[in-house]
Amino acid sequence: MTAITLDGVATASAVKHELAARIEMLKTRGLTPGLGTLLVGDDPASRSYVAGKHRDCAEVGIESIRVDLPASATSADVRAAIRDLNSAAEVTGYIVQLPLPAGHDENAMLELIDPDKDADGLHPTNLGRLVLGIEGELASPLPCTPAGIVEMLQRYDVPIRGQHVTVIGRGLTVGRPLGLLFTRKGLDATVTLTHSRTQDLAAEVRRADIVVAAVGVPHLVKPEWIKPGAAVLDVGITRVQDEETGKGRLTGDVDPGVAAVAGHLSPNPGGVGPMTRAMLLANVVKAAEHRLGA
Ligand SMILES: Nc1nc(=O)c2c([nH]1)NC[C@@H]1CN(c3ccc(C(=O)N[C@@H](CCC(=O)O)C(=O)O)cc3)C=[N+]21
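Cut-off values and rules
- Residues numbered from 1 in each chain as written.
- Predicted model: local features only at pLDDT ≥ 70, side-chain atom pairs only at ≥ 80, totals over all residues.
- Heavy atoms only, no water.
- Near = heavy atom within 4 Å.
- Polar contact = N/O pair within 3.5 Å; in protein donor to acceptor, adjacent residues only side chain to side chain.
- Areas by Shrake-Rupley, 256 points an atom, 1.4 Å probe, with all protein chains shown as cover.
- Helix = DSSP H or I, 4+ residues; strand = E, 2+ residues; numbered from the N terminus.
- Nonpolar A, V, L, I, M, F, W, Y, C, P; charged D, E, K, R; others polar.
- Axes fitted to C-alpha atoms, helices over the stretch in contact; angles between N-to-C directions.
- Parallel < 35°, antiparallel > 145°, perpendicular 65-115°, else oblique.
- Contact = heavy atoms within 4.5 Å.
- Core = buried A, V, L, I, M, F, W, Y, C linked by side-chain atoms within 4.5 Å.
- Buried < 20%, exposed > 50% of the residue type's maximum accessible area, 1.4 Å probe, protein only.
- Domains from an automatic or database assignment.

> Where do I start with the site of the ligand in this structure?
Around the ligand, a shell composed of 13 residues is seen, among which Val-96, Gln-97, Leu-98, Asp-120 and Gly-270 lie nearest. Here an oxygen atom of the ligand and a backbone polar atom of Pro-274 are 3.5 Å apart. Starting from 670 Å² of accessible surface for the ligand in isolation, the protein chains cover 77%. Taken together, the elements giving at least two residues each to the shell around the ligand come down to α2 (44-60) and α9 (272-291). Among the elements that take part in the shell around the ligand, α9 stands out by supplying three residues, more than any other. Looking at side-chain class alone, the shell around the ligand contains six nonpolar, three polar and four charged residues.

> What is the right way to look at the packing of helix α6 (residues 144-155) against α9 in this model?
Two measures define how a pair of helices packs: the angle their axes make with one another and the distance between the axes. Orientation of α6 relative to α9, taken along the N-to-C sense of each, is 110°, at an axis distance of 8 Å. Overall, the two elements α6 and α9 adopt an arrangement that is roughly perpendicular. Taken together, the residues of α9 that come into contact with α6 (itself represented by Cys-144, Thr-145, Ala-147, Gly-148, Ile-149, Glu-151 and Met-152) are Val-272, Met-275, Thr-276, Met-279, Leu-280 and Asn-283.

> Any chance you could explain the nonpolar core here in plain terms?
Across soluble globular proteins, you tend to see nonpolar side chains buried next to one another. Counting 47 residues, the largest nonpolar core has Ile-62, Ile-149, Leu-153, Phe-182, Ile-210 and Leu-233 as its most contacted members. Broken down by secondary-structure element, the contributors of at least two residues to this core are α1 (8-28), α2, α6, β5 (164-168), α7 (175-182), β7 (210-213), β8 (231-234) and α9. Sort the elements by how many residues they give to this core and α9 lands first, with ten residues. Residues from two domains meet in this core; each of domain 1 (23-133 + 275-291) and domain 2 (144-272) gives at least three. Look past the residues within four positions of Ile-149 in its chain and what remains in contact with it is Val-174, Leu-178, Phe-182, Val-212, Leu-233, Val-235 and Val-272. The next biggest cluster of nonpolar side chains, apart from the first, holds 19 residues, and it includes Val-40, Ala-73, Leu-85 and Ile-113.

So this is what it looks like as structure tokens:
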């Protein structure tokens, strides 16, 4: 047996295709959605992620507005840039690229984002709405990686209701909000949220119908840990040096041997990453529709 690949590139492409039609509709109604990005410093990975977001915007017809500050920017500079993005009319949603360079208080900066323009769903008001389980008119933008994971499972008809999900990692952008999302009414999964102090990680993974690995430890998740047929989503990514070629390459949290045991497996790269970016676009479109009272 070999796992069905959860193809993030193809699935994100389908999502983007659907969004493009909604963006056309918004434009005919007089509103062009615009995504802003705020990048501080010159971390190469962050630069490349931000560049990807601008490419995605161009692909679907969203305007994009790029604000880059040097590594020497002070917290006052970052606050000023956030205030400008809050008031810029052409920016209907934006993100502050994380991590910020050392010395900046990330939570304090996230809190300054106008919750109605929070394309990442990481403002405390929006995280609070996720906890409250508010839907419909006041629904919050969902954090992009958790939303992308659920969207991908649904599009592949992987059952979620009543299933046991083990999430590895409790970070702000993936693990913690994902636990909240999966246990919401309507999704109704049972979640075990594990982290670096979890005593017997293998045992927690073994009981899972769905495993999400988001820690950034290369090949942490072993084939022996996986219940046969489980869906495994590989989210964490680490840049490692290839021993033979000396070149840098990307390695996920899941051991390749897992493909022989799992029912579904998202590759990394090519899995959840592209879905994360598609969900960012979806948040921008939803916020613009909301603004027009759609
Ligand atoms: N405010 C904020 N929001 C974020 O959503 C956010 C962030 N900060 N900081 C960093 C993480 C990371 N992240 C990724 C998104 C897409 C890929 C992605 O598309 N990756 C490609 C590979 C890209 C490559 O080659 O590097 C793939 O998985 O196939 C990766 C990583 C969003 N993040």
